[in-house]
Amino acid sequence: MAGVSSESLAVAREQLEAKLPFASLSLAEELFGILGVLDSSAGVRRALTDPARQSDAKAALVSQLVRGKVSADAEAIVADLVSSRWRSPRDLGDALEELAATVVSATAENRGAGLTGLDALEDDLIRFRRVVASSHELQRAFSEQQATPEAKIALAEKLVPGASPEALVLIRQAVTHPRGLKPSALVARFLELVAGRQKRWIAEVRAARPLTQEQLSRLQSSLNGLYGRELKINADVDPSLIGGVRIAVGDEILDSSVVSRLSDLRRKLAV
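Everything quoted here is computed from the prediction, not taken from an experiment.

*Asks:* Kindly report on the pairing of strand β4 (residues 252–255), identifying the contributing residues and their values.
*Replies:* In this structure, strand β3 (residues 245–249) lies alongside β4, joined through four bridges in antiparallel fashion. Note that in β4 the partner of Ala 248 across the bridge is Ile 253. Between β3 and the antiparallel strand that follows it, β4, lie two residues; Gly 250 among them carries a positive phi value of about 65°.

*Asks:* Can you break down the pattern of salt bridges residue by residue, with the values?
*Replies:* Within the structure shown, the criterion is met by 19 salt bridges. Residue Arg 172 pairs with Glu 157 through a salt bridge whose shortest N-O separation is 2.8 Å. Separated by 15 residues along the polypeptide, Arg 172 in helix α10 (residues 165–176) and Glu 157 in helix α9 (residues 149–159) bring together distant segments of the chain. On the accessibility criterion, Glu 157 (32% relative accessible area) is partly exposed. Taken together, the shared-partner salt bridges connect Asp 39, Arg 90, Asp 94, Glu 97, Arg 179 and Arg 189 into one network.

*Asks:* Residue-level account of the nonpolar core, with values.
*Replies:* Core analysis: the largest hydrophobic core is formed by 62 residues, its most contacted members being Leu 31, Phe 32, Leu 125 and Phe 128. Contacts of Leu 125, omitting those with residues within four sequence positions, involve Ala 167, Leu 170, Ile 171, Val 187, Phe 190, Leu 191 and Val 194. Within the second largest apolar cluster, eleven residues are counted, among which are Val 205, Ala 207, Ile 233 and Ile 247.

*Asks:* Before we move on, could you go through the packing of helix α7 (residues 115–133) against helix α8 (residues 136–143) and cite the residues and values that matter?
*Replies:* Packed helix pairs are specified by the crossing angle of their axes together with the interaxial distance, meaning the distance between the axes. Between α7 and α8, the least distance of the axes is 6 Å, while the angle of their chain directions is 105°. It follows from the interaxial angle that α7 and α8 lie roughly perpendicular. Here Phe 128, Val 131, Val 132 and Ala 133 of α7 come into contact with α8, specifically with Leu 138, Gln 139 and Phe 142. In terms of residue class, the contact of α7 with α8 is made up of six nonpolar, one polar and no charged.

*Asks:* Hey, could you go over the packing of helix α5 (residues 72–83) against helix α6 (residues 89–111) for me, with residue numbers and the actual values?
*Replies:* Following both chains from N to C, one finds α5 and α6 inclined at 145°, their axes separated by 11 Å at the closest point. Read as a crossing pair, α5 and α6 show a hand that is right-handed. Between α5, through Ile 77, Val 78, Leu 81 and Val 82, and α6, the contact on the second element is made entirely by Leu 92, Ala 95, Leu 96 and Leu 99. Looking at the contact of α5 with α6, its residues break down into eight nonpolar, no polar and no charged.

*Asks:* I'd like to hear about the environment of Arg 53, residue by residue, with values.
*Replies:* For Arg 53, the location among the structural elements is in the loop between α3 (42–48) and α4 (55–66). Sequence separation of Arg 53 and Leu 170 is 117 residues, and the distance between their C-alpha atoms is 33 Å. Ignoring anything within four residues of it in the chain, the contact list for Arg 53 reads Ala 47 and Lys 58. Of the polar contacts made by the side chain of Arg 53, one reaches the backbone oxygen of Ala 47; its length is 3.3 Å.

*Asks:* Hey, could you go over the sheet that holds β3 for me, with residue numbers and the actual values?
*Replies:* Pairing is mixed in the open sheet, where four strands are placed in the order β2-β1-β3-β4. One side of each edge strand has no neighbouring strand; the edge strands of this open sheet are β2 (232–237) and β4. Mean inter-strand twist for the sheet, computed between neighbouring axes without regard to direction, equals 15°. By the bridge criterion, five bridges tie strand β1 (residues 202–207) to β3 in an arrangement that is antiparallel.

Analysis parameters
- Residues numbered from 1 in each chain as written.
- Predicted model: local features only at pLDDT ≥ 70, side-chain atom pairs only at ≥ 80, totals over all residues.
- Heavy atoms only, no water.
- Pairing = 2+ DSSP bridges.
- Helix = DSSP H or I, 4+ residues; strand = E, 2+ residues; numbered from the N terminus.
- Salt bridge = Lys/Arg side-chain N within 4 Å of Asp/Glu carboxyl O.
- Buried < 20%, exposed > 50% of the residue type's maximum accessible area, 1.4 Å probe, protein only.
- Core = buried A, V, L, I, M, F, W, Y, C linked by side-chain atoms within 4.5 Å.
- Contact = heavy atoms within 4.5 Å.
- Axes fitted to C-alpha atoms, helices over the stretch in contact; angles between N-to-C directions.
- Parallel < 35°, antiparallel > 145°, perpendicular 65-115°, else oblique.
- Nonpolar A, V, L, I, M, F, W, Y, C, P; charged D, E, K, R; others polar.
- Left-handed = near helix turned anticlockwise from the far one by under 90°.
- Polar contact = N/O pair within 3.5 Å; in protein donor to acceptor, adjacent residues only side chain to side chain.

Here's what the structure looks like:
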């Protein structure tokens with residue numbers, strides 16, 4: 001996804017983030033259901049991504065399609081999504097799919113006290129992928145067009161006994177609505193999203209010299225207060241930094257290293 005679609009997706013992710021602390025699996029299932037409605041009608045997809053149509057008109061159209069059938073939250077998320085600009089109808093569907101899967105990941109995150117819940121979700125999805133990848137018979141079964149969605153779901157659930165509710169929502173989506181992909185490929189895409197959520201709970205710390213236990217404790221307390229959650233710290237020594245520390249939490253970088261300060265100085269002198 002690139003250009004205007006990438007920009008619209010970035011806005012949608014930011015808007016969704018505020019809802020994620022209260023996310024539920026039912027919201028994710030509603031979003032996946034709306035995705036199914038959009039995928040079933042090329043005319044609706046074109047109307048919702050037509051650059052000549054006003055944003056209010058597109059939001060009104062999608063509300064007309066789903067109102068009374070889904071929650072107000074689901075309706076609002078999709079109305080905001082279609083109000084943005086999309087390069088192609090496929091990009092709109094991909095974005096909605098990502099938002100639904102992100103809600104699932106956040107539900108696992110909330111239920112499992114952060115990283116623990118995400119790790120469990122990751123393990124279940126990896127388990128499913130490995131079983132399917134090891135069997136051509138299973139791959140044929142999930143690609144069989146004559147098989148009912150119910151039959152595919154029943155087979156998938158047998159492959160991952162004890163899987164979390166969140167994992168089952170994503171696996172069911174992958175085997176019944178892979179949207180042109182193999183189910184295992186869609187699960188791999190879901191795993192990438194889970195990995196992105198996991199990174200938000202891990203602080204990758206690089207320091208010029210080993211940090212003492214006291215320094216690590218102070219750093220842990222400071223980072224937990226800054227981000228409002230209990231982070232896992234992975235500390236490593238990087239002599240190239242000369243002094244100070246470099247911390248990465250997800251896509252965010254906190255850099256107080258000597259190398260960074262020298263680079264800043266060089267940029268200022270070059271102006």
